Amino acid sequence: MLRRTLRLAEGMGSLVDGLLTRARLMSGTAAITRQPLRLDQLVEAVVEDTGTAGHRVEVRVEETVVVADPGLVRRAVGNLLGNALAPATRPESPPTYASPSRRTAP
């Protein structure tokens, strides 16, 4: 029971933090800080920091440098991973793959 309560509280804290970040960006009190970052390393770190609850997660990466706000990209990757590992999916399901790659815009 305590473990579930802690998980739910962490989820609510993350949700509130996300809403506050969005409000700050929209009001102009916070700015997007674009800088070169290694997307492959960020994805590996997010997967490592995220509890996988028994799911198999395979990370297939190649060196990829992007110019973006590291905090916002970390949040987006964390959200994608969290959705992929949502309670509706079972640990015995096929592995979840995280594979950032570079695409050139047309």
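Residues numbered from 1 in each chain as written. Predicted model: local features only at pLDDT ≥ 70, side-chain atom pairs only at ≥ 80, totals over all residues. Heavy atoms only, no water.

Taken over all residues, the pLDDT of the protein chain has a mean of 81, while the share at 70 or more is 81%. Within the protein chain, strand S1 (residues 35-38) carries the highest mean pLDDT (95), whereas strand S4 (residues 96-98) carries the lowest (61). (pLDDT = per-residue confidence, 0-100. Helix = DSSP H or I, 4+ residues; strand = E, 2+ residues; numbered from the N terminus.)

The next subject is the side chain of aspartate 40. Within the secondary structure, aspartate 40 is located in helix H2 (residues 39-49). Residue aspartate 40 is classed as buried on the basis of its relative accessible area of 4%. Of the polar contacts made by the side chain of aspartate 40, one reaches the backbone nitrogen of threonine 64; its length is 3.1 Å. (Buried < 20%, exposed > 50% of the residue type's maximum accessible area, 1.4 Å probe, protein only. Polar contact = N/O pair within 3.5 Å; in protein donor to acceptor, adjacent residues only side chain to side chain.)

A cluster of nonpolar side chains, Met12, Leu15 and Leu19, forms an exposed patch at the surface whose accessible area comes to about 320 Å². On the secondary structure map, leucine 15 appears in helix H1 (residues 2-27). (Patch = residues over 30% accessible without salt bridge, like charges linked within 9 Å, V, L, I, M, F, W, Y side chains within 5 Å. Areas by Shrake-Rupley, 256 points an atom, 1.4 Å probe, with all protein chains shown as cover. Salt bridge = Lys/Arg side-chain N within 4 Å of Asp/Glu carboxyl O.)

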